[in-house]
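Structural description and commentary
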Amino acid sequence: MKKIFVILALALPMLVSAQKYGHVNTTELFQQMPEVNKVKAQMDTIQAQYENQLTMMQEELQKKFQDYQQNESTMPDGIKQVRQQELQEMQGRIQTFYSTAEQDIQKKQQELLAPVHEKLTKAIKAVGEREGYTYIFDSAAMVYISDNAVDCSPAVRKELGIK
């Protein structure tokens, strides 16, 4: 029993030192991927569409409000109340549209970026498996990186086809 314990005690440091650690900056790699620029272009188009619609709605509200102000003094009370209610409803629709647009834009961005994140993760895993790493850490979130840890970013860039 003592022999097994002594053998394990001697072998454990060798096993630990045989582990290979690497790191990559996923944020940096992600920004370098050409797919990200394509997603940005798509998102710019989508956002412009929402902004155009919002601008049209705001301009319509502004016109109706100016019309209301110009004719308010000659309007009967019943018409004033109806117009005020219309203006409030339009303002509510604009606020609802704005909130919905923000949510739709975020959802679409996540949907478009998910395959890009997946591709990056697969590339890191492929490098880790091919080169025998025990762990590959994200250096963007690390406080300290030992000199023993290898920067795997060049290998991952190569795996992704990034120059």
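Residues numbered from 1 in each chain as written. Predicted model: local features only at pLDDT ≥ 70, side-chain atom pairs only at ≥ 80, totals over all residues. Heavy atoms only, no water.

Scanning the chain from terminus to terminus reveals five helices and three strands. Going residue by residue from the N terminus, the α and β elements of the chain occur as α-β-α-α-α-β-β-α. Per-residue burial for the chain yields a buried fraction of 23% across its 163 residues. Across the chain, every contact between residues at least 6 apart in sequence was considered, and the portion connecting residues at least 24 apart equals 85%. Summing over all exposed atoms, the chain offers an accessible surface of approximately 12100 Å²; the carbon and sulfur share of this is 55%. (Helix = DSSP H or I, 4+ residues; strand = E, 2+ residues; numbered from the N terminus. Buried < 20%, exposed > 50% of the residue type's maximum accessible area, 1.4 Å probe, protein only. Contact = heavy atoms within 4.5 Å. Areas by Shrake-Rupley, 256 points an atom, 1.4 Å probe, with all protein chains shown as cover.)

Let us look at the packing of helix H3 (residues 34-71) against helix H4 (residues 77-131). Where H3 contacts H4, the axes come no closer than 10 Å and their chain directions differ by 180°. One way to sum up the angle between H3 and H4 is to call them roughly antiparallel. Class assignment of the residues belonging to the contact of H3 with H4 gives a composition of 20 nonpolar, seven polar and ten charged. (Axes fitted to C-alpha atoms, helices over the stretch in contact; angles between N-to-C directions. Parallel < 35°, antiparallel > 145°, perpendicular 65-115°, else oblique. Nonpolar A, V, L, I, M, F, W, Y, C, P; charged D, E, K, R; others polar.)

Spatially, S2-S1-S3 is the arrangement adopted by the three strands of the open sheet, whose pairing is parallel. At either end of the open sheet lies a strand with only one pairing partner, and these are strand S2 (135-138) and strand S3 (150-151). Across four bridges, the pairing between strand S1 (residues 21-24) and S2 is parallel. Residue pairing in the sheet places Tyr21 in a bridge with Tyr135 of S2. (Pairing = 2+ DSSP bridges.)

Here we come to a nonpolar patch on the surface. Taken together, the side chains of Tyr135, Phe137, Met142 and Ile145 present a nonpolar region at the surface, about 340 Å² in accessible area. Within the fold, Tyr135 resides in strand S2. (Patch = residues over 30% accessible without salt bridge, like charges linked within 9 Å, V, L, I, M, F, W, Y side chains within 5 Å. Salt bridge = Lys/Arg side-chain N within 4 Å of Asp/Glu carboxyl O.)

One can find His23 in strand S1. Every residue in contact with His23, bar those within four places of it in the chain, is listed here: Ile136, Phe137, Ser139, Ile145, Ala149, Val150, Asp151, Cys152 and Ser153.

Any two side chains of opposite charge can pair, given that their charged atoms come close. Applying the stated criterion to the full structure yields six salt bridges. Glu28 serves as the salt-bridge partner of Arg157, at 2.8 Å between the closest nitrogen and oxygen. Of this pair, Arg157 sits in helix H5 (residues 153-160) while Glu28 sits in helix H2 (residues 26-32), and the two are 129 residues apart along the sequence. On the accessibility criterion, Glu28 (38% relative accessible area) is partly exposed.

So, about H4. Under the 1.5 Å per step criterion, the end-to-end length of H4 is 80 Å for 55 residues, consistent within 8% with the ideal 81 Å. Of all the bends in H4, the largest measures some 35° and sits at Leu113, one to four residues before the proline Pro115. Of the residues flanking the end of H4, it is Gly132, one or two places downstream, whose phi is positive at about 75°. (Expected span 1.5 Å × (residues − 1). Bend = angle between axes of the 7 residues up to and from the residue.)

Moving on: the packing of aromatic side chains. Applying the stated rule across the entire model yields four aromatic pairs. The interplanar angle of 45° and the centroid separation of 5.9 Å between the aromatic rings of Tyr50 and Phe97 together place this pair among those described as tilted. With Tyr50 in helix H3 and Phe97 in helix H4, this residue pair connects regions lying 47 residues apart in the sequence. The class of Tyr50 is partly exposed, set by a relative accessible area of 22%. Here the guanidinium or amino end of Lys20 rests over the ring plane of Tyr133, the centre of that ring lying 4.7 Å away. (Phe/Tyr/Trp six-rings, centres within 6.5 Å; stacked < 30°, edge-to-face > 60°. Lys NZ or Arg CZ within 6 Å of the ring centre and 35° of its normal.)

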